[in-house]
Amino acid sequence: MSSVTIEQVRKQYGAVPVIYGVSMDIEDGEFVTLVGPSGCGKSTLLRMLAGLEDISGGEIRIGGRVVNDVAPKERDIAMVFQSYALYPHMTVAQNMGFALKLKGQDKATIDRRVREAADILALEPLLDRLPKQLSGGQRQRVAMGRAIVRHPRVFLFDEPLSNLDAKLRVTMRAEIKELHQRLKTTTVYVTHDQIEAMTMADRIVVMRGGKVEQIGAPLELYDRPANTFVATFIGSPAMNLFEGRIADGSFVTNGGVALPLPSDGKGDAASIYGVRPEHLTIAETGVPANVVVVEPTGSETHVLVQIGSAETTLVLRERLHLDPGQPITIAPDPAKIHLFSSEGVRLN
Amino acid sequence: MSDLAITAMQTELTRERSAIRSLRLVQTACILVIALVIVSPLLMLVVASLKDDRFQILADMGSFRAFWVSNPTLSNFWEVGNFSGELAFGRYLLNSLFILACTVGAGLVVNSMAGFVLAWGSLRGRALVLSLVIALYVIPQESIIMPLVIMVSRAGMTDSFAVQIVPWVASPLYIFLFYQFFAQLPKELFEAAEIDGASVFRIYRSIFLPLSLPALATVSILMGIESWNQYLWPTLVTQTDYARPIAVAIATFFGQDSIYWDRAMAASVLMMLPILALYLAFQRWFVSSFVGSAVKG
Ligand SMILES: Nc1ncnc2c1ncn2[C@@H]1O[C@H](COP(=O)(O)OP(=O)(O)OP(=O)(O)O)[C@@H](O)[C@H]1O
Ligand SMILES: [Mg+2]
């Protein structure tokens, strides 16, 4: 186990920069997820941590040691690939024991540690199988087993669940989290799925276009997004944003609708007003709106409504009977309003 | 459903089945014709080798009697077996086998290593080397054979086994074949092994080579056939019979004044057998490959 420090790390392919000075501190034993849209440089950053990609600038330290020029095998890290990358001609046991064999461990030690890992991951009955004889979820577990037998300082995961179906993904998500709680190994986990990021991480790093947008605990990012990008990226359905300006103690949207301001009084210069769908309710008095689409999911109901010229989503816990075209009045929770500047930076 | 409808469905089914059956028939016929075209010369050779009279063999060519022998005899094989040339016939066979084994053995190692480095190494100018290798492939062997003869004779290598092996070990075609095979394996396999702590040589030996059985089999067969059939090169670089291969020995049946068709046929059959065995041994790997399971499911 080790802390990881990334300091002003840059990466360019030829003249094309893809990572622009990223910094973060990952504590010993912490589970950090990197999220962001496709192509934002998550994999590149992870691969630089692994030593598979060289670093164009800045510094990476693992357990206090600068590893910029250290080969992958000397970094004492283990990586789980999206494609699993199991050795097709080796059995599950051989796949898991390969790294130990290369280290020159004796057969008994390898056997014991492979069994330990297999026990944790419920892989014992599969130890003599070849990868092609396994299901997707089992291959995924073998890939994790290959990582944990080595007792590395850091686990690196690059979208390990994206090849699994939705149901299995939820199961494996819990399994990985449980594994982390048990082993307490520092983990960096790349995903583009914000639910995965929210549910698994101690801290989330949101990236966009090769830069870090915000670093924080999942609920911190949810409650106080630093900018409109994070605000819309975290949370589903996404936060509703309105453009407009502050006038006469309320926020007037470009469509001419007046929205109530938060009670703390900050954010005079706000020109973007954000409220999450789950913080909008149907009330006696409030903003007039018209129902457009109703989507019941069972546990909650998503309602798309029209306010002035803008469309907005509500998430309701109660089962109301609503018809398209029906006029309603909605009210935002004044304690849960987000105000942003015209550049999208948080103000309140 | 009415009886009528059921009957109609049954008729439909029967029609479909008979359509499938006639398609099969056409397929089988096609395969038979192709097989006949490929097999008939071999059959002719085997049949001729069982005929006693070398003038009869010539006379039978060009008619269906070429495929028929009324009283088969092994006497030709017998004579070939007791061949009274410089050396015994079996010795030439052994020479050929030895040259083949060394060429193929060394060739698999050298060409696969070169292909691996070109596909995965961090060598500078890999792309340039690769295009040079491909460029070399278009140069026919025959066109460089005279300079090659001069080179080996200056090096004092003539009339040996080495001279028949060394020049043919590394080959642009096989390097390229291995390169292509290795290059299509997923990058994550290399990286996973790298993180597991394997050196580049170890990755080659423990991961990529075991996965390349289909390529190894293909190259073994092609190289084996090439080595076995070498004729021009050994005639040029061997002066005595000591290291001569069977292909050269058989040529002595085509004497200056008369051609011993009967024995030439028998010798050809004998020469064919090992290469046929090699093919049968490796052909199941030609197509089979379990690389697909490396990635995803
Ligand atoms: N070898 C390369 N040469 C040039 N550009 C590259 C190379 N590898 C990646 N890039 C670029 O770097 C950027 C970041 O890529 P990266 O794979 O890190 O994205 P990502 O965040 O992992 O995306 P995804 O969610 O799709 O996996 C992309 O714009 C990509 O085009
Ligand atoms: Mg990626």
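Residues numbered from 1 in each chain as written. Chains lettered and ligands numbered in written order. Predicted model: local features only at pLDDT ≥ 70, side-chain atom pairs only at ≥ 80, totals over all residues. Heavy atoms only, no water.

Per an unreviewed UniProt entry, chain B goes by Multiple sugar transport system permease protein and derives from Sinorhizobium kostiense.

Rules: UniProt positions are given in the numbering used here, feature names are shortened, and annotations may be inferred rather than shown by experiment.
Within an unreviewed UniProt entry, the label attached to chain A reads Multiple sugar transport system ATP-binding protein, and the organism entered is Sinorhizobium kostiense. Under the UniProt heading Subcellular location (unreviewed entry), the entry covering chain A gives this text: "Cell inner membrane". Per UniProt, the comment on chain A under Sequence similarities (unreviewed entry) is "Belongs to the ABC transporter superfamily."

A closer look at the overall build of chain A
The condition that has to hold: Each helix corresponds to a stretch of at least 4 residues labelled H or I by DSSP, and each strand to a stretch of at least 2 residues labelled E; elements are numbered beginning at the N terminus. Using a 1.4 Å probe on the protein chains alone, a residue whose accessible area is under 20% of its type maximum counts as buried, one over 50% counts as exposed, and one in between counts as partly exposed. What makes two residues a contact is simply this: any of their non-hydrogen atoms within 4.5 Å. Only the protein chains shown count as covering a residue, and every accessible area follows the Shrake-Rupley method with a 1.4 Å probe. Counted as positive: Lys and Arg. Counted as negative: Asp and Glu, with His and the chain ends omitted from the count. The atoms used to mark charge sites are NZ of Lys, CZ of Arg, CG of Asp and CD of Glu.
Counting its regular elements, chain A contains eight helices and 19 strands. By residue count, 53% of the 348 residues in chain A fall in the buried class. Considering only intrachain contacts with a sequence separation of at least 6, the fraction spanning at least 24 residues in chain A is 65%. Surface summary for chain A: the accessible area is close to 15300 Å², and the carbon and sulfur share equals 49%. Across chain A, 38 positive and 41 negative side-chain charges occur, with their mean positions spaced 8 Å apart.

Some words on the interface of chain B and chain A
Counted only if it meets this: By definition, the buried area sums, over both parts, the 1.4 Å-probe accessible area that each loses when the two are put together. Here, a salt bridge means any side-chain nitrogen of Lys or Arg that lies within 4 Å of a carboxyl oxygen of Asp or Glu. Identification of polar contacts relies on pairs of N or O atoms within 3.5 Å, with a donor-acceptor requirement for protein atoms, meaning one able to donate a hydrogen and the other able to accept it, and with residues adjacent in sequence counted only if both atoms are side-chain atoms. Amino acids outside the nonpolar list (Ala, Val, Leu, Ile, Met, Phe, Trp, Tyr, Cys, Pro) and the charged list (Asp, Glu, Lys, Arg) are all regarded as polar, and Gly is one of them.
With 24 residues of chain B at the interface, the matching set in chain A holds 26 residues. Taken over both partners, the interface formed by chain B and chain A buries close to 2300 Å², and the fraction arising from carbon and sulfur atoms is 64%. One can count two salt bridges joining chain B with chain A. With a shortest N-O distance of 3.5 Å, D196 of chain B and R150 of chain A are connected by a salt bridge. Taken together, chain B and chain A are joined by six residue pairs in polar contact (both at pLDDT 80 or more). Mapped by element, the contributors of at least two residues to the side of chain B that touches chain A are α9 (187–196) and α10 (200–211) of chain B. Residues belonging to the side of chain B that touches chain A are distributed by class as follows: 12 nonpolar, five polar and seven charged.

A word on a nonpolar patch on the surface
To keep things clear, this is the line we draw: Each patch is built from residues lacking any salt bridge and having more than 30% relative accessible area; the joining distance is 9 Å for like charges and 5 Å for nonpolar side chains (Val, Leu, Ile, Met, Phe, Trp, Tyr).
On the surface, V33, I34, V37, I38, V39, L43, F64 and F67 of chain B cluster together into a nonpolar patch covering about 810 Å² of accessible area. Counting through the fold element by element, F67 of chain B comes out in the loop between α2 (54–60) and α3 (75–81).

Focus: the site of ligand 1
Residue and element names in this part refer to chain A. Quick reminder of the rule: Residue proximity to a molecule or strand is established when one non-hydrogen atom of the residue lies within 4 Å of it.
Near ligand 1, the surroundings consist of Y13, V18, S38, G39, C40, G41, K42, S43, T44 and E159. One nitrogen or oxygen atom from the main chain of G39 is found 2.8 Å from an oxygen atom belonging to ligand 1. Contacts to ligand 1 include S43, whose side-chain N or O atom sits 2.6 Å from an oxygen atom. Among the elements that take part in the shell around ligand 1, helix α1 (residues 42–50) stands out by supplying three residues, more than any other. Partitioned by chemical class, the residues of the shell around ligand 1 number three nonpolar, five polar and two charged.

Notes on the domain arrangement of chain B
Residues and elements named next belong to chain B. Here is the rule we go by: Each domain's limits were defined by an automated method or a database of domain assignments.
Domains assigned within chain B are domain 1 (2–74) and domain 2 (81–296). In this structure, domain 1 and domain 2 have C-alpha centres spaced 34 Å apart. Of the residues lining the interface, 11 residues belong to domain 1; the matching set on domain 2 comes to 10 residues. Looking at the side of domain 1 facing domain 2, the largest losses of area belong to L45, S49 and R54, adding up to 59% of the total buried there. At the junction of domain 1 with domain 2, the criterion picks out zero salt bridges. For the interface between domain 1 and domain 2, the tally reads zero residue pairs in polar contact (both at pLDDT 80 or more).

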